[in-house]
Amino acid sequence: MKVKMILPALAEAESPFWRPIKYSLFPPLGLATLAAYLSPDDEIDLQDQHVETLKLNDNPDLVIIQVYITNAYRAYKIADHYREQGAYVILGGLHVTSLPHEAAPHADSIFLGPGEETFPRFLKDFRNRTPQKVYNSAIRTLDKIPPIRRDLIKRNRYLVPNSIVVTRGCPHHCDFCYKDAFFEGGKTFYTQLVDDALAEIERLPGRHLYFLDDHLLGNAKFATELFEGMKGMNRVFQAAATVDSILRGNLIEKAAEAGLRSLFVGFETFSPVNLKQSNKKQNLQKDYIEAVNRLHSLGIMINGSFVFGLDDDDKDVFKRTVDWGVQNSITTSTYHVLTPYPGTKLYKDMEQQGRILTKNWDLYDTRNVVYQTTKLTADELKDGYNWAYKEFYSWENIFKASLNHESHKHKLKHLMYSGGWKKFEPVWNFLIKTKNLNNILPVLESVLSKVKPKDNELLINIQSIENVKNSQIL
Ligand code: B12
Ligand code: SF4
């Protein structure tokens, strides 16, 4: 059977704000996970529109499309095209799960929730010529899932080809998060068997790993065993976790020992009113600075996530958030305009209150204001968001934040990571064009190398960085 798997790109791919590097980070892991259930005799063509031009003039028997909110319209067009040609088209992913009635007219079958149980069930039905219209994921387990078909991934097109997920979901229930909508009707947090996770890690070449799990420390027992097993594997890795999990027990030390070098942390807001309103209880009364200091003392760089536009936010929120990030040496900040994804509690509340201003999903990219704001106007929110990005990533603030670290090595790593990520667009574009992106991996691995506590090893003369800054060469 000829099978086509497609991850369509978002509408923004054609906008002047498109940052090719942002979309050349991770391969289509969801589709490669599903491909493992196909037969070795199937002829599979997996295409990721973020990094390649789609070929749509082929004649597959089965077309599998992954739908996110911001690629939904494009996904539907591709689906319609293949259905006209007589292919059997199936749609799944987050957006289909949130809005099955919207997706259904564009598909022969739709899939709600994760695919590990529904997709093999469908394949059996399909081969027996009895496919159903809707497949709803009721059984949630990752036990004995087949190895991901990484051979289908064009590794040289991604900066981080070794992305991996060893858990699904998260133990928390924040109102704005996609998670409860996607995992509705079954378990909302579950893990792989530790041995299976370790076997998947062993299969990955090189040193660097990026765990895309929503909350890698969410199950302490699983994480402890995973980190124990990873000791001695000589890996460096990046992951995501919550503020409370950093402060609790000594799991974070174990993670650092296993190779954790950079962590995505959902700070989101400093306002207890906002936290309560968003049901982000796990952040309430937690000392963010203590969490930051703990990570830094372990040599772990921080990617802080912050949401703007929650109801308690006023005009000062942008400056407060940027200043805090710089003062506390956050390496990279990811800012979001609050976005009510369909299916979430936030969306339901806002719809009830008549606050949803548009249902143009292309705008639901966390850069646009799609709802009626309260203390801020929509323009203030959007301008403040743009200002925050510009300000945080100004050279002055990158230097300030870097130089606040104790050890010289951490200062240098911060500077290279943050500056490299935001300030070298032409270099990234060149590497993407010449399909050399993964050759830069050893540089990333060395930026993520270990910082020993109070490391005073003088890799380069930091004073010279300050001189460069003062002379405004950069
Ligand atoms: C990696 C990632 C990215 C990467 C790359 C995506 C890629 N190449 O796959 C990058 C950096 C490009 C990215 C960008 C964005 N992302 Co993103 N991203 C993620 C992240 C962290 C992991 C995705 C992943 O690999 N999951 C693991 C795999 C195994 O799961 P999966 O992809 O969901 O696939 C499973 C199921 O969905 C299902 N499935 C999927 N498709 C199909 C199809 C069929 C037919 C079937 C049967 C099953 C099926 O089966 C798979 C196995 O279970 C998720 C968070 C998350 N935990 O999912 C956010 C997430 C998907 N991103 C999100 C958003 C909002 C964005 C951006 C708009 C953010 C922005 N401001 O730029 C952009 C736009 C992306 C786009 N293309 O439209 C939201 C989506 C919300 C929504 N309702 O759609 C999420 C959920 C984050 C969040 N918490 O809000 N993202
Ligand atoms: S902690 Fe993060 S992943 Fe978990 S529900 Fe909240 S926002 Fe979602």
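Residues numbered from 1 in each chain as written. Chains lettered and ligands numbered in written order. Predicted model: local features only at pLDDT ≥ 70, side-chain atom pairs only at ≥ 80, totals over all residues.

Some remarks on the nonpolar core
The biggest cluster of nonpolar side chains holds 112 residues, and the ones touching the most others in it are Ile 64, Ile 65, Ala 79, Val 89, Leu 91, Leu 263 and Phe 308. Shared between two domains, this core takes at least three residues from each, and those domains are domain 1 (2–136) and domain 2 (159–396). (Core = buried A, V, L, I, M, F, W, Y, C linked by C-beta atoms within 7 Å. Buried ≥ 20, exposed ≤ 12 C-beta atoms within 10 Å, placed from the backbone. Domains from an automatic or database assignment.)

Some words on the sheet that holds strand 11 (residues 236–241)
Spatially, the six strands line up as an open sheet ordered 7-10-11-12-13-14, and their pairing is parallel. Whereas interior strands pair on both sides, the edge strands pair on one side only; in this sheet they are strand 7 (163–164) and strand 14 (332–337). Across six bridges, strand 13 (residues 301–308) lies against strand 14 in parallel orientation. If you follow Phe 306 over to strand 14, its bridge partner there is Tyr 335. Its contacts with the sheet put helix 15 (residues 378–392) on strand 13 and strand 14, and the angle it makes with strand 14 is roughly 175°. (Pairing = 2+ DSSP bridges. Helix = DSSP H or I, 4+ residues; strand = E, 2+ residues; numbered from the N terminus. Contact = placed C-beta atoms within 7 Å. Axes fitted to C-alpha atoms, helices over the stretch in contact; angles between N-to-C directions.)

Some remarks on the site of ligand 1
Lining the immediate environment of ligand 1, one finds 40 residues, of which Gly 30, Gln 66, Gly 92, Gly 93 and Gly 115 sit closest. Going through the elements one at a time, helix 1 (29–35), strand 3 (62–66), strand 4 (88–92), helix 3 (94–98) and helix 5 (118–127) are the ones with two or more residues in the shell around ligand 1. Of the residues in the shell around ligand 1, the class split is 23 nonpolar, twelve polar and five charged. Both domains that meet at the shell around ligand 1, namely domain 1 (2–136) and domain 2 (159–396), each give it at least three residues. (Near = placed C-beta within 6 Å. Nonpolar A, V, L, I, M, F, W, Y, C, P; charged D, E, K, R; others polar.)

Observations concerning the sheet that holds strand 5 (residues 109–112)
Strands sit in the order 2-1-3-4-5-6 across an open sheet of six strands; the sheet is parallel. In this open sheet, the two strands that pair with only one neighbour each are strand 2 (43–48) and strand 6 (134–136). Between one strand axis and the next, the sheet turns by 15° as a mean value, whatever way the strands run. Pairing analysis gives three bridges linking strand 5 to strand 6, with the strands arranged parallel. Along strand 6, the bridge assignment pairs Leu 112 with Asn 136. Each of strand 1 (2–7), strand 3 and strand 4 touches helix 2 (residues 72–84); the most contacted strand, strand 4, lies at about 160° to it. Lying on the sheet, helix 5 is in contact with strand 4, strand 5 and strand 6; it crosses strand 6 at an angle near 145°.

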